[in-house]
Amino acid sequence: FAFPFPWLPVEGLLVSALVVLVYIMYYFNIIPTVSVGQESADFYQGIIMLLMATAVIYFVKRNVIVWFMDTFILQKQIEEKNIQMQKELVLATRVHKRLIPQSVSTKLADIGVSYVPMRYMGGDYAQFRFIEKNKLLFLIADVTGHGVPAALLVNALNAEFERISSEGKTPGNLLKELDDFIKKDFAEVGMYLTAFCGELDYHKRKFIYSNYGHPPQYVYLAKSQNILEIYAQTSFLGLPFPDDNVYENEIGFDRGDQIVLFTDGVTEASNSKKEEFGAKHLEKFIIENRGLQVEE
């Protein structure tokens, strides 16, 4: 019972000395043995055991009190740190949410944005910007994992996207440069992300896109009333494998077409029966609600 508790060196020496003392007394026959009678030997041995037990109990009690006091102080310190951490997480969440763009409606496009993180901060990121008055460039990405590390990578991703997009690069070249950036600066972290980047050229009616490991995104074609799935062309961004290819395709688009971009949090959302929403339900949802405003 005594050993699980922390012993001071002096206490350990005292208890050990008691044991050694008993052996010495037996050796020099200071303690009567069975030769003077079994009852007398049991009596003296019992007295010695009581003395040893008294010393052990005293030290244990003392150490238990110290242990409880230290535990209480430690718990208070942990509570204070948790409160401070919660405040910092709330502040960091506000900063992170500011990276996500707001919904907007222009002459070229109606853009609706909805961001619901799983925790305080998630690894989801989205951004768009109009280029040369007749082009719309947009990006949606999902960092592996959640919490602060994912949010830090999202912040770095936002700054890099702003820099690269100002250079006028197409989606395939943009994601290729982002891939090189993550491999270089985040190789030791072991974090990767899926990303979908697209550009709408309203003058040429072209939709150029690149998909790095992201779930299939959807384009609702108004004329044919069909859904076009845009599958991934390669794997995640940031994987430590050399790849000099530029992954990029293009399709045409018409007025009234709708592009639905999302992360796997949508399709993996589950109900009370633990049934995932899934891609089929999402496709059905898009068709049934195609007449709504994008914000709705």
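Residues numbered from 1 in each chain as written. Predicted model: local features only at pLDDT ≥ 70, side-chain atom pairs only at ≥ 80, totals over all residues. Heavy atoms only, no water.

Visitor: When you look at the nonpolar core in this model, what are you seeing that I'm missing?
Guide: Generally speaking, a soluble globular protein has its nonpolar side chains buried in company with each other. Ranked by size, the top nonpolar core spans 26 residues in total, and within it L139, V143, L174, L175, L178, L193 and L237 carry the most contacts. Where this core is concerned, the elements lending two or more residues are β3 (124-131), β4 (135-143), α3 (147-165), α4 (171-185) and β5 (193-201). Ranked by residues supplied to this core, first place goes to α3 with six residues. Those residues in contact with L193, other than ones at most four positions away along the chain, are A141, D142, V143, T144, L153, L157, I182, Y212, F236 and L237. Among the nonpolar cores identified, the runner-up in size contains 15 residues, and A126, I140, L200 and F207 belong to it. (Core = buried A, V, L, I, M, F, W, Y, C linked by side-chain atoms within 4.5 Å. Buried < 20%, exposed > 50% of the residue type's maximum accessible area, 1.4 Å probe, protein only. Helix = DSSP H or I, 4+ residues; strand = E, 2+ residues; numbered from the N terminus. Contact = heavy atoms within 4.5 Å.)

Visitor: Any chance you could explain the confidence of the model for the protein chain here in plain terms?
Guide: In regions of low pLDDT, the predicted coordinates are not meant to be interpreted in detail. Here the protein chain averages 85 in pLDDT, and 90% of its residues register 70 or above. Helix α1 (residues 9-27) is the least confidently modelled element of the protein chain, averaging 74 in pLDDT, while strand β6 (residues 206-212) averages 97, the highest of any element. (pLDDT = per-residue confidence, 0-100.)

Visitor: I tried to follow the sheet that holds strand β10 (residues 258-260) on my own but got confused; where do I start?
Guide: Paired through backbone hydrogen bonds, the strands of a sheet run either parallel or antiparallel to each other. Taken in spatial order, the three strands of this open sheet run β8-β7-β10, and their pairing is antiparallel. Two strands close off the open sheet at either side, each with one partner strand: β8 (226-230) and β10. Each strand axis lies, on average, 25 degrees off the axis of its neighbour in the sheet, ignoring direction. Sheet topology places strand β7 (residues 217-221) next to β10; three bridges connect them, and they run antiparallel. Bridged to Y220 within β10 is Q258. Running over the sheet, helix α6 (residues 278-288) touches β7, β8 and β10 and is turned about 30 degrees from β7. (Pairing = 2+ DSSP bridges. Axes fitted to C-alpha atoms, helices over the stretch in contact; angles between N-to-C directions.)

Visitor: It is not clear to me how the pairing of β4 should be interpreted in this structure. Could you clarify?
Guide: Sheet faces and side chains relate simply in a regular strand, where the side chains alternate between the two faces. Within β4, nine of the nine residues are buried, which leaves the element mostly enclosed by the surrounding structure. Burial of β4 is two-sided: the residues K135, L137, L139, A141 and V143 facing one way and the residues L136, F138, I140 and D142 facing the other way are all buried. Turn length for the β3-β4 hairpin, with the two strands adjacent in sequence and antiparallel, is three residues, and the turn residue E132 shows positive phi of about 55 degrees. In this sheet, β5 lies alongside β4 in antiparallel orientation, the contact comprising nine bridges. By the bridge assignment, F138 is partnered in β5 with G198.

Visitor: Please explain the pattern of salt bridges as it appears in this structure.
Guide: It is possible for side chains of opposite charge to pair when their charged atoms get near one another. According to the stated counting rule, one finds 13 salt bridges in the structure shown. K76 serves as the salt-bridge partner of E79, at 3.8 Å between the closest nitrogen and oxygen. Taken together, the positions of E79 and K76, both in helix α2 (residues 38-97) and three residues apart, correspond to about one turn of that helix. Take K76: its relative accessible area is 39%, and that puts it in the partly exposed class. The salt bridge partner of K169 is E177, with a shortest N-O separation of 2.1 Å. Taking relative accessible area as the criterion, K169 reaches 26% and is therefore assigned partly exposed. With a relative accessible area of 19%, E177 lands in the buried category. One network of salt bridges, with partners in common, ties together E160, R163, E167, K169 and E177. (Salt bridge = Lys/Arg side-chain N within 4 Å of Asp/Glu carboxyl O.)

Visitor: Just to check I follow, could you spell out the packing of aromatic side chains for this structure?
Guide: We describe a pair of aromatic rings using the distance from one ring centre to the other and the angle between the two ring planes. Counted under the stated rule, the structure contains seven aromatic pairs. Where Y202 meets F253, the ring centres are 5.6 Å apart and the plane angle is 85 degrees; that geometry is what we call edge-to-face. Here Y202 is found in the loop between β5 and β6, whereas its partner F253 is found in the loop between β9 (249-252) and β10, with 51 residues between them in sequence. Of the two residues examined, Y202 and F253, each falls in the buried class. Three or more aromatic residues link up through ring pairs in this structure, and these residues are F138, F196, F207 and Y209. (Phe/Tyr/Trp six-rings, centres within 6.5 Å; stacked < 30°, edge-to-face > 60°.)

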